[in-house]
Each structure stands twice: as structure tokens, then as C-alpha cells.
Amino acid sequence: MQKKSQPFTPSAKSQFLNLPNALTIVRILVIPVVIALLYPKHGPRSDMWAAVLFGLAFCTDFIDGHIARRTQTITRLGQILDPLADKLIVLSAVLLLIHLGRMDAIIGILLLGRELAVSGLRSFASSEEILLPSSRSAKIKTVAEGFALGFLMAGPENHQWGIPWMKMGEVLIFVALALALWSGAFYFVQYYRAVKARSS
């Protein structure tokens, strides 16, 4: 006799349908909207809307984690989706800005290469039961990177309130790159120290 499938219990449902996970999913769904606003090019107003939407989505990365910890609704799904959403939104933004000629390809390659290297290292370290916590410089890098990408999305034609958004983005992206390389190197130093301490 064929066994009946297990019902979708309220506890399982709450594991998926909670506010932190919803915010993370929204962050993923925002990506195609931002792409549609920026490409093909629709004009300065569309660029600014893309920048604002990207900024709001980027902010949810800090909000969902805070809510999850405060309400004790950290779930396995959230732990998988949250870093995935972070990587997708940054990857999409960098590739699109390179395509639009608003970011140097070398900067984009270095930023994405750092993300891949650190993600790979942390996954490998986790398999060896070595924890590599985020450093303060990595957290500052994330903030600088978010602002830089958003400002670059605003484009060269937007100067609301007399602020040259894209010029600010061009400066901030170098700050984010410097912090990315510094914090990325620190993760490898952390791993080396942990392995050395374990073997001694």
C-alpha cells in the first residue's frame, strides 16, 4: 500500500512563511525588476528608480537578519537563501554596470573574484568545522559596496539635490574594493591561524 504524503504542518509552514524569509525572497525578486529598469536604457528617471529599488533591497539584508535573531526565527531555509540572495544581487548589479560602461571590468572581476574565493574558503572551512566569522572590515565593505553600486546605477545624468551620484559611486567603489581585498585576505589569515592552532 502506498504511504500517504506527510501533511504540510503549521510548524513546517512557519519555517518558510516568516518575515525574514519573505524579505530575503523579495530581495531576489527585485533583481529582474532592477535589470528591466536599467536595460535597455530608459532614461535618468528609470535609472534613479533602479538605484532606489536596489538600495531598499540591499537594506533588507541587514533587516532580515536582525529580525530573525530578535524573534528567534532563524531557519535552515533562511540560512541558505540569505547568502544566495546577497551573491545574486551583487553579481547582477556588477555585471550590469560593467555592461552599461559605469564600472571598470577589472574592478568588477576583482570584486566578484573576492566573493567567490571567500565563499569557497568559508564552505571548505565549515566542512572542517572551522568557523570564520565576519570581520568588521567585511561589514563596512558590504555597506560601502551597496552604496557604491546604488550610486552608479543612478547614472551620469542624475544630479538630484545637486549631488553627483555617479561620481560618488566611482569613489566609493574603490573604497569597497580596498576593503574587499583587505577583508578577503583576513579570512585566509584566520583560516591559516585556525589550522596552525589545531595542528600544534
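Quick notes on the rules
- Residues numbered from 1 in each chain as written.
- Predicted model: local features only at pLDDT ≥ 70, side-chain atom pairs only at ≥ 80, totals over all residues.
- Heavy atoms only, no water.
- pLDDT = per-residue confidence, 0-100.
- Helix = DSSP H or I, 4+ residues; strand = E, 2+ residues; numbered from the N terminus.
- Contact = heavy atoms within 4.5 Å.
- Core = buried A, V, L, I, M, F, W, Y, C linked by side-chain atoms within 4.5 Å.
- Buried < 20%, exposed > 50% of the residue type's maximum accessible area, 1.4 Å probe, protein only.
- Phe/Tyr/Trp six-rings, centres within 6.5 Å; stacked < 30°, edge-to-face > 60°.
- Salt bridge = Lys/Arg side-chain N within 4 Å of Asp/Glu carboxyl O.

1. Focus on the confidence of the model for the chain
- Predicted confidence across the chain gives a mean pLDDT of 84, with 87% of residues reaching 70 or more.
- Per-element confidence in the chain is highest for helix α7 (residues 165-199), whose mean pLDDT is 93, and lowest for helix α1 (residues 10-16), whose mean pLDDT is 49.
- The low-confidence segment residues 1-13, where pLDDT is below 50, has one contact with residues more than four positions distant or belonging to other chains.

2. Considerations on the nonpolar core
- Core analysis: the biggest nonpolar cluster contains 31 residues, and Val34, Phe54, Met103, Leu149, Met153 and Ile173 have the highest contact counts within it.
- Of all the elements in the fold, those that place two or more residues in this core are α2 (19-38), α3 (44-71), α4 (76-99), α5 (105-127), α6 (136-154) and α7.
- For valine 34, the residues in contact, after removing those within four places along its chain, are Ala50, Leu53, Phe54, Leu96 and Met153.
- Counting residues in hydrophobic clusters, the runner-up holds eight residues, among them Leu121, Leu132, Tyr187 and Tyr191.

3. Some details on the packing of aromatic side chains
- All chains considered together, the criterion is met by four aromatic pairs.
- With a centroid separation of 5.9 Å and an interplanar angle of 50 degrees, the aromatic rings of phenylalanine 147 and phenylalanine 151 are classed as tilted. Placement of the pair is phenylalanine 147 and phenylalanine 151 together in helix α6, with a separation of four residues, close to one helical turn.
- With relative accessibility at 49%, the residue phenylalanine 147 sits in the partly exposed group.
- Feature note: the residues Phe147, Phe151 and Trp165 constitute an aromatic cluster, connected by ring pairs.

4. Regarding the environment of glutamine 190
- Inspection of the secondary structure puts glutamine 190 in helix α7.
- The class of glutamine 190 is buried, set by a relative accessible area of 17%.
- When the C-alpha atoms of glutamine 190 and leucine 131 are compared, they prove to be 9.2 Å apart, with 59 residues separating the residues in sequence.
- In this structure glutamine 190 touches Leu132 and Pro133, once residues within four positions along its chain are discounted.

5. Considerations on the pattern of salt bridges
- All chains considered together, the criterion is met by six salt bridges.
- With its nearest N and O atoms 2.9 Å apart, the salt bridge here joins arginine 102 to aspartate 47. With a gap of 55 residues between them, arginine 102 in the loop between α4 and α5 and aspartate 47 in helix α3 connect regions that are remote in the sequence.
- A residue is classified by how much of its surface remains accessible, and arginine 102, at 8% relative accessible area, is buried.
- For aspartate 47, a relative accessible area of 2% corresponds to the buried category.
- One salt bridge in this structure joins lysine 141 and glutamate 145, with 3.7 Å as the shortest N-O distance. Of this pair, lysine 141 and glutamate 145 both sit in helix α6, four residues apart, which is roughly one turn of that helix.

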